[in-house]
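# Per-entry structural report
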Amino acid sequence: MERSAALVWRLRATGGHRDRRHPAPRDDTDRDTGGRKPGGPRRRRLMALPEARGAPVVLLYLLGLRALVQLSHRQLLSQPSPAGTRHFSAPRARGYLDNITAIGPRTVGSPENEVLAVNYLLKQIRAIERESTDAHKISVDIQRPTGSFSIDFLGGFTSYYANITNVVVKLEPRNGAEHAVLSNCHFDSVPNSPGASDDAVSCAVMLEILNTLSKSSEPLQHAVIFLFNGAEENILQASHGFITQHEWAKSIRAFINLEAAGVGGKELVFQTGPENPWLVQAYVIAAKHPFASVVAQEIFQSGIIPADTDFRIYRDFGNVPGIDLAFIENGYIYHTKYDTSDRISTDSIQRAGDNILAVLEYLATSDKLAKSSEYRHGNVVFFDILGLFVLAYPARVGTIMNFITAAVAFLYLSKKVLQPKTRAINNLKKCFTAFGLTLLSWVCTLVAVLVVAVFVSVIGRALSWYTHFYVSVFLYGTAAAANIILVHMLAKKFFYKNMNEQYLGDIFFDASLMIWSIALAVMTQLGVCSAFICTFWVAFPLLTKLMIHKEFSQKGATVKFVMMYLLGMFAPYLYMMYLSWTVFEMFTPIMGRSGSEIPPDVVLAGFIAVITMILSSYFINFIYLLKSTKTTLVTLTTVFVVTLILVCSGIFFPYSSDVANPKPKRIFLQHTSRRFHDLDGNVIKSDSGIWINGFDYNGISHITPHVPEINDTIRTPCEEQAPFCGLPWILPVHFMFRKNWYLPAPEIFPRSPIHFRVLSKELMPWNSVRLSFEVSGPSHISLYIRPQKGSALSTWSLGDGVPVASLGGDYFVFYSHGLQAAPWHFWVELTAPEKHSDGIVSVAVAAHYFFGEDQKSPELYALLERFPNWMFSSGWSCTYDLFVF
């Protein structure tokens, strides 16, 4: 099979190297043991860098790096597809995408998802099958699984699904194949969104890959299974149904999951494994436009981002290794009505298609796929360099490299500090003083920036940077840089008075090197793969120092020193800015949907402060080399003060309705009717209203001027006796949205009401009671359970039989079904005290109407019409009933 040459980058441990030593000439007559200079001011004039020359050079250097980063991000999308025998057609994939999104929102259980989308996929698959060559066999299966599982996502809950839909296609050699690689997408969408990026574009890409591979005259070695799953937005239900129940699942040895956290752009590899380093190597070899980062993997798997993908299901329930990819650009409109096909560029589709086709083809022709268990062990460190190529190596190799790098740095520092022996103690004291001052400047910076962020949040100006990202840099970036400079200016003026600037610059460089060396050793010892970043910040600066040590000590060599210094630091600074830009691109939009409890300004300010501290690491010494940094400090302070005044004035409105680049405020509204029953089944309380949840920290503060009746006087009270405060949560996200509002509205009467009844009550051994229930209703139902005081939920018929409690101790069950499903039957078993006059358990059930004639009431429609156009409002109707048994 003809293939374009692939360049694989590996790091190899060498047997040794020649140690080229450049001992720094010391002029001991110029300073005493403390670094003081008898010559005083005259020596200072010779060695100090004028601020007018040094500061602008550093600033231009950083701006140049930023420009390179932005250029590399743009070029990633415009690279042409390499020549090869199989070409991915983005225009044809775009046709698939346009047709899928034209169906409209595809909520599980709706005709759009269960009939129209499925029929369209089947039609295209049949057309592809008719045009396929004789080298391949295509099999198609419609799976409608029913099942249940528990998951620790969102604090923990249990999921139950019935008769949901999977469209499964197997492409294999004519004589069959024993092993297979899986490619997964989902065609369902969240309510009220066309779901172009999440995840129709991935399904379009998979259709075109199926078309491309099926037309080849050369058969594959292994089968490729294409799963178009119809219930991912219902928290990964369809993938669970496939991997645990479908007969083809047993042959799968690896998978590629296609997801989205944004709309278009580049697709980032943000999860691999578990273990199985050969999978990363396959991506490294095959991907035409690589974009991958183990940093993203460790961030995502830490739980910081409140999201999950089908990757978890295949990993945890199928024990299959895989690769998780997601579009990350423009997350501002992810899961909104603006997620339309026209916002995804053809270049983006082409890039994704080239990559995924190449990787799937590589895996389907790899001998390692059939023997994947032999290559299972070991983690891998991987990261791309500006999207040009990927460096990947085993984590154990990384551990050795990291410790060697740290050891070399510590050897250099110890030799520097301990020689000559007569000054060892004094040198050690000076080194640790600089080390402490550097850490102190960072701590002061972080505290100061966070204080500003808290102040901005308290006065109601959070997210002022959401639409104008540069505001966050001008506000928090300048504050961070100014604080670092201020601390070291004061140290230079009062603590290091009459000290030689060159000596101070040298010792503060060594202090930064010591900090990074310690961080490298600690992170490596903890098994953090992202420790490779610290390796960059130790190896390159150390090499730079050794190379320019002679120039550093020469008189009148300041300009040459600066240029060589910046050149030596180019690689770590460029990579750090590239990585920071990627993280900013992912995290900034997430702050607009992270809930009402997390102050986004504090999170972003902390991140900017940390980035500033990292980037300042090896520029702190310039503060001591420059004659004065007052002008720089005054400039940064002025920019900060002006920006803070403008932010406080409210001139930077957080949200935007710009047609080309909207950045909306997200809000959920549920027209709810609630009924609370006592132990005898009598309704003791009922109400109805529109329950409002704002998705960001600002809550409703920006809505009240437009809809005055939505204000803080209608804050939702918590019904303490009911699970989850007696509120109809669609998912157990109560810990993220503690501030919500309840606007009184008329009662709703769904045409298809929920039916909930007790089938039986049985006394079991060991003072246990089993309650059996039957539920029928709309496609989405939430069940909430709270054992009464003295009782405990011991087992149930859901998941693996072991109840999983959510945060707060209540139990949450998420139920959904396809077009048609039999009534849902389940039982719960509780241990109860002998006397339980108040009952043993409270059970609440909420029915959610996401589509059809029951979705929105006239009152909900009327309210939605009053909202400004910079809001994205997702609304539906629901009923809530609480029972005590």
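Residues numbered from 1 in each chain as written. Predicted model: local features only at pLDDT ≥ 70, side-chain atom pairs only at ≥ 80, totals over all residues. Heavy atoms only, no water.

Moving on, we get to the packing of aromatic side chains. In total, this model carries 56 aromatic pairs according to the counting rule given. Between F724 and Y784, the ring centres sit 5.7 Å apart and the planes meet at 55°, which makes this aromatic pair tilted. Highlighted residues: F724 in the loop between β13 (683-694) and β14 (741-744) and Y784 in strand β17 (residues 780-787), separated in sequence by 60 residues. Y784 carries the same exposure label as F724, and that label is buried. Ring pairing ties together the aromatic residues Y160, F756, F773, Y815, W824, F826, F883 and F885, which thus form one cluster. Taking the ring centre of Y697 as reference, the NZ or CZ of K739 above it sits at 4.7 Å. (Phe/Tyr/Trp six-rings, centres within 6.5 Å; stacked < 30°, edge-to-face > 60°. Helix = DSSP H or I, 4+ residues; strand = E, 2+ residues; numbered from the N terminus. Buried < 20%, exposed > 50% of the residue type's maximum accessible area, 1.4 Å probe, protein only. Lys NZ or Arg CZ within 6 Å of the ring centre and 35° of its normal.)

As a further point, take the pattern of salt bridges. For the coordinates displayed, the defined rule picks out 26 salt bridges. With a closest N to O distance of 3.0 Å, K665 and D696 form a salt bridge. Separated by 31 residues along the polypeptide, K665 in strand β12 (residues 665-677) and D696 in the loop between β13 and β14 bring together distant segments of the chain. K665 sits in the buried class, given a relative accessible area of 0%. In this structure, D881 and R675 form a salt bridge, with 2.8 Å as the shortest nitrogen-oxygen distance. With D881 in strand β22 (residues 871-884) and R675 in strand β12, this residue pair connects regions lying 206 residues apart in the sequence. (Salt bridge = Lys/Arg side-chain N within 4 Å of Asp/Glu carboxyl O.)

What follows deals with the sheet that holds strand β18 (residues 792-796). Reading across the sheet, the 4 strands line up as β15-β16-β20-β18 and stay open at both edges, with antiparallel pairing between neighbours. Edge strands, defined here as strands with exactly one partner in the open sheet, are β15 (755-764) and β18. Each adjacent strand pair in this sheet contributes to an overall mean axis angle of 25°, direction not counted. (Pairing = 2+ DSSP bridges. Axes fitted to C-alpha atoms, helices over the stretch in contact; angles between N-to-C directions.)

Note that the residue after D198, namely D199, is joined by a cis bond; omega there is 15°. Take D199: it is sitting in helix α5 (residues 196-214). G273 connects to P274 through a cis peptide bond whose omega is 5°. Mapped onto the fold, P274 is located in the loop between β8 (267-273) and α7 (277-286). One non-glycine residue, N192, lies in the positive phi region at around 70°.

For the coordinates displayed, the defined rule picks out 2 disulfides. Paired through a disulfide, C185 and C203 show a sulfur-sulfur distance of 2.3 Å. Looking down the S-S bond of the C185 and C203 bridge, the torsion is 105°, so its handedness is right-handed. Of the two residues, C185 sits in strand β5 (residues 180-186) while C203 sits in helix α5, which places them 18 residues apart along the sequence. Shown here is the disulfide that connects C718 with C725, its sulfur atoms set 1.9 Å apart. One quick way to see it: the torsion about the S-S bond of C718 and C725 is about -80°, and its sign makes the bridge left-handed. (Disulfide = S-S within 2.5 Å.)

Turning to the side chain of D384, a few remarks are in order. As for its placement among the helices and strands, D384 is situated in strand β10 (residues 380-385). Despite its burial, D384 pairs with no opposite charge, the nearest such side chain being R351 at 6.9 Å. Side-chain polar atoms of D384 contact the backbone nitrogen of G387, separated by 2.7 Å. Within the structure, D384 has its side chain in polar contact with the side chain of Y578 (distance 2.4 Å). With residues up to four places along the chain from it excluded, the contact list for D384 reads P290, F291, A292, F389, V390, Y575 and Y578. (Lys, Arg positive; Asp, Glu negative; His and termini not counted. Polar contact = N/O pair within 3.5 Å; in protein donor to acceptor, adjacent residues only side chain to side chain. Contact = heavy atoms within 4.5 Å.)

Moving on, we get to the nonpolar core. Judged by nonpolar contacts, the single largest core of 196 residues is most densely connected at F226, F228, Y476 and W537. Contact partners of F228, with chain neighbours within four places excluded, come to L121, I125, N166, V167, V169, C185, F187, C203, M206 and L207. V168, L731, V733 and F814 belong to the second largest nonpolar core, which has 51 residues in total. (Core = buried A, V, L, I, M, F, W, Y, C linked by side-chain atoms within 4.5 Å.)

Interpretation in functional terms is not warranted from these geometric data alone.
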